[in-house]
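# Observations on the three-dimensional arrangement
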Amino acid sequence: MSAHTTYTIPFQVVGRPEEGFHAIMECAREVPFDIKRTFVTTGTPVDVERGGHAHFNTEMILIAVNGTITIATEDRFGHKEEITLGSPAKGIFLPTLCWHTMRYSVDAIQLVLASTNYRAEDYIRSYDRYLEICQAYRK
């Protein structure tokens, strides 16, 4: 897969109904970067859209641990996609310079695997500024 486009990642699921299941995410297999940071998003009201930004340097994988999460993305080349995650058996890879927004079901729990530690200056929070930055990639 290209490091510049979004794509879904199926995770190996092992277990059985009598015991429960594990969704497995391993670096260098399913996760195409070393994980530097993880965080969980919970309790987002259904009428709130989160995200609304892109990153200069951070790659991420978003996973719906519970409930559903609808993610709208736009990559640096202007390709737009919307995907709904509803299981920890699949995630979505977000490359650098990928504008994204998320909407959550009332019971949604999102796990994020990130390639960098948090730095405020890594964020592009203005969509107009994002489009300006991406113009060089669209020529």
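Higher on the page you've got the structure.
Every chain is numbered on its own, with residues counted from 1 as its sequence reads. Predicted model: local features are reported for residues with pLDDT of at least 70 only, side-chain atom pairs are reported and counted for 80 or more only, and whole-chain, interface and lining totals are derived from all residues. The side-chain quantities take in all heavy atoms of the structure and omit both hydrogens and water.

## So, the overall build of the protein chain
Quick reminder of the rule: For the purposes of this entry, the term helix denotes a DSSP run of H or I that reaches at least four residues, the term strand denotes a run of E that reaches at least two, and both are numbered from the N terminus. The quantity called the radius of gyration is restricted to C-alpha atoms. Its globule counterpart is 2.2 Å times the number of residues to the power 0.38.
A count of helices and strands for the protein chain gives one helix and 12 strands. Secondary structure elements in the protein chain, listed N-terminal to C-terminal, are β-β-β-β-β-β-β-β-β-β-β-β-α. Its C-alpha radius of gyration of 15 Å places the protein chain within 12% of the 14 Å reference for a compact globule of 139 residues. Taking the principal axes of the C-alpha coordinates as reference, the protein chain spans close to 55 × 35 × 25 Å.

## Side note on the pattern of salt bridges
The test is simple: Salt bridges, as used here, are contacts in which a Lys or Arg side-chain nitrogen is within 4 Å of a carboxyl oxygen on Asp or Glu. The buried label goes to any residue with under 20% of its type's maximum accessible area, the exposed label to any with over 50%, and the partly exposed label to all in between, with areas taken from a 1.4 Å probe on protein chains only.
Counting across every chain of the model gives four salt bridges. Here Glu-19 and Arg-16 are joined by a salt bridge, their closest N and O atoms 3.7 Å apart. The salt bridge partner of Glu-132 is Arg-129, with a shortest N-O separation of 3.5 Å. In this pair, Glu-132 and Arg-129 both sit in helix H1 (residues 127-134), three residues apart, roughly one turn of the helix. Judged by its relative accessible area of 52%, Glu-132 is exposed. Where salt bridges share partners, they join Arg-16, Glu-18 and Glu-19 into one cluster.

## Side note on the pairing of strand E9 (residues 90-94)
Working note: regular strand, side chains alternate between the two faces of the sheet. Note the cut-off: Strands qualify as paired when DSSP identifies two bridges or more between them.
Summarising burial for E9: four of the five residues are buried, a large majority. The pairing of strand E1 (residues 7-10) with E9 spans four bridges and is antiparallel. Paired with Pro-10 across the strands is Lys-90, a residue of E9. With four bridges connecting them, strand E6 (residues 60-66) and E9 associate as antiparallel partners. Considered in E9, the bridge of Met-60 is made with Leu-94.

## Comments concerning the nonpolar core
For clarity, the threshold we go by: In this description, a nonpolar core means a group of buried Ala, Val, Leu, Ile, Met, Phe, Trp, Tyr and Cys residues linked to one another through side-chain atoms lying within 4.5 Å. Note on definitions: a residue-residue contact is assigned when non-hydrogen atoms from the two residues lie within 4.5 Å.
Leu-62, Ile-69, Ile-71, Leu-85, Ile-92, Leu-94 and Met-102 are the most contacted members of the largest nonpolar core, which totals 15 residues. Secondary-structure elements contributing two or more residues to this core are E6, strand E7 (69-74), strand E8 (80-85), E9, strand E10 (99-104) and strand E11 (109-114). Here this core gets three residues from one element, more than from any other, and that element is E6. For Met-102, the contacting residues outside a window of four places in its chain are Val-48, Glu-49, Arg-50, Gly-51, Leu-62, Ile-69, Thr-70, Ile-71 and Gln-110. The next biggest cluster of nonpolar side chains, apart from the first, holds 10 residues, and it includes Val-31, Phe-33, Phe-93 and Leu-113.

## Section: the environment of Ala-72
Along the polypeptide, Ala-72 turns up in strand E7. With 27 residues separating them along the chain, Ala-72 and Trp-99 place their C-alpha atoms 8.2 Å apart.

## Digging into the packing of aromatic side chains
Let me state the cut-off plainly: Any two of the Phe, Tyr and Trp rings considered here, Trp counted by its six-membered ring, make a pair once their centres fall within 6.5 Å; the pair's planes then place it as stacked at under 30 degrees, edge-to-face at over 60, or tilted in between.
On inspection of all chains with the given rule, the structure shows five aromatic pairs. Summarising the aromatic geometry, the rings of Trp-99 and Tyr-130 are spaced 5.5 Å apart at their centres and angled 45 degrees between planes, so their arrangement reads as tilted. Of this pair, Trp-99 sits in strand E10 while Tyr-130 sits in helix H1, and the two are 31 residues apart along the sequence. Summarising the burial analysis for this pair, Trp-99 and Tyr-130 share the class buried. Arranged with centres 5.6 Å apart and planes meeting at 50 degrees, the rings of Tyr-118 and Tyr-123 form a pair that is tilted.

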